[in-house]
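Structural overview
In case you want the letters, here they are:
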Amino acid sequence: MSAARQGLYVFPLWPRSKIPALHGKRHCDGTGVCTEGHLGWEQRATTDPDLIRYWWNASPSSNVGIACGPSNLYVLDLDPDHGQDPPPEWAGARHGRDVLARLAEQAGQPYPHDTYTVRTPSPSVHPYFTVGQDSLLRNTAGRAGWRIDSRGRGGYIVAAGSMRRDGTYTVARRAPIAPLPQWLVPLFTPPPRPQPEPVVFGDVRPLSDTRRQRYLDTVADTVIHAAPHTAHDTLVRAAYTLGRLVGGGEFTDDQARSTLHIAAQHRRIPTHEANTAISDGLDAGSRSPRQLADRAA
Ligand SMILES: [Zn+2]
């Protein structure tokens, strides 16, 4: 109830367990709340006191899960070493906390300790942070550094007061939940995929159709004149470059595709291979739309 009063969306976990006590998709019989389709814990997690009372009256020893996504929450999971030595780049660290302290130092930022924090029996440390409704940060495992995991959209954490065979989740720091420091965001952001280097063709905006065509010819030329064995990669990069411009409305998808296919034929890249490379590159590029800059004044 106290989590829900803070706007955190909760749901029951099995007693002394981290496993959701709501039925999973495989065991869904399509009745009750699932009449219109199965609802998982992330959809069913609630701040409604009546539903919370109903759930925990039915099973008073249920543990408490907090769904991070609907709660606009991002929680770090700083783990102990579990008796293992860290990899060389984190030599000397004994806990995810040590690694986070070094990351803070590298970023020239203070250690983000001033926020609501829970200690698990492991003992891991879970500092809680708020994120915007449009945050796309999801769960990570070791991406930011050794023994640092995180839970965001699509993830949940076990709330304070929950119990395990080996102990209780306790509040380690009773403070308001602080916003996720900006410097931490890139550490938990997935790399773009795929990530070919965009080919840069200068900053000229081809205002006339002639200049647009010249631009397409230049892109085609990079493929046609690519060094031996690099034609395929160059084709993907060229497709990515054009995909961005298609996304930005500079060219049509047809213009981009036919340019790339003609170039691929020059290099005798098999059609099915070219199709895949071109489609993948265009798709990836269209996710980062860009427009051609006007010639610098
Ligand atoms: Zn269901």
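Above this text you will find the structure in question.
Parameters and conventions
Within each chain, residue numbers correspond to sequence positions counted from 1 in written order. Owing to the predicted nature of the model, reporting of local features is limited to residues with pLDDT of at least 70; listing and counting of side-chain atom pairs is limited to 80 or more, with chain, interface and lining totals taken over all residues. Heavy atoms throughout the structure, all of them, feed into the side-chain values; hydrogens and water do not. Runs of H or I in DSSP of at least four residues are treated as helices and runs of E of at least two as strands, each being numbered from the N terminus. Each residue is placed in one exposure class: buried if its accessible area under a 1.4 Å probe, protein chains only, is under 20% of its type's maximum, exposed if it is over 50%, and partly exposed if it falls in between. The term polar contact refers here to a pair of N or O atoms within 3.5 Å; inside protein, the definition further demands a hydrogen-donor-capable atom paired with an acceptor-capable atom, and it admits residues adjacent in sequence only when both atoms are side-chain atoms. The contact definition used throughout considers only heavy atoms, calling two residues in contact when any of these lie within 4.5 Å. For this analysis, a ring pair means two rings from Phe, Tyr or Trp (six-membered ring only for Trp) whose centres lie within 6.5 Å, classed as stacked if their planes differ by under 30 degrees, edge-to-face if by over 60, and tilted for the remaining angles. Each metal site is built from N, O and S donor atoms within 2.8 Å (3.2 Å for Na, K and Ca), and since water is not included, such sites may look incomplete. When four donors show all angles between 85 and 135 degrees the site is tetrahedral, when four or six donors have opposite pairs over 155 degrees and all other angles between 65 and 115 it is square planar or octahedral respectively, and in every other case it is irregular.

**Some points on the side chain of Ser 124**
- Here Ser 124 is to be found in the loop between β4 (117–119) and β5 (125–130).
- You can call Ser 124 buried: its relative accessible area is 5%.
- Looking at Ser 124, its side chain comes within polar contact range of the side chain of Asp 79, at 2.6 Å.
- Once residues within four sequence positions are removed from consideration, Ser 124 is found in contact with Asp 77, Leu 78, Asp 79, Pro 80, His 95, Val 118 and Arg 119.

**Notes on the packing of aromatic side chains**
- Counted by the stated rule, this structure contains seven aromatic pairs.
- Here the aromatic rings of Trp 55 and Trp 56 are separated by 6.4 Å at their centres, their planes lie at 75°, and the arrangement is edge-to-face.
- Residue classification places Trp 55 among the buried positions, given a relative accessible area of 10%.
- Seen from their ring centres, Tyr 116 and Tyr 128 are 4.9 Å apart, and the 80° between their planes marks the pair as edge-to-face. Taken together, the residues span a long stretch of sequence, with Tyr 116 in the loop between α4 (96–107) and β4 and Tyr 128 in strand β5 at a distance of twelve residues.
- Of the aromatic side chains, those joined through ring pairs into one cluster are Phe 11, Trp 41 and Tyr 156.

**Topic: the coordination of the zinc ion**
- Around the zinc ion, the protein contributes the donor atoms His 23 (NE2), Cys 28 (SG), Cys 34 (SG) and His 38 (ND1), which lie 2.0 to 2.3 Å from the metal centre.
- Around the zinc ion sit four donor atoms, and with donor-metal-donor angles ranging over 102 to 116° the site reads as tetrahedral.
- Within one chain, the residues serving as donors to the zinc ion are arranged as H-x4-C-x5-C-x3-H. Residue His 23 is found in the loop between β1 (9–13) and α2 (41–44), and its partner His 38 is found in the loop between β1 and α2; the two are separated by 15 residues along the sequence.
- For His 23, a relative accessible area of 29% corresponds to the partly exposed category.

So, to be careful, I would describe these as geometric facts and stop short of saying anything about function.
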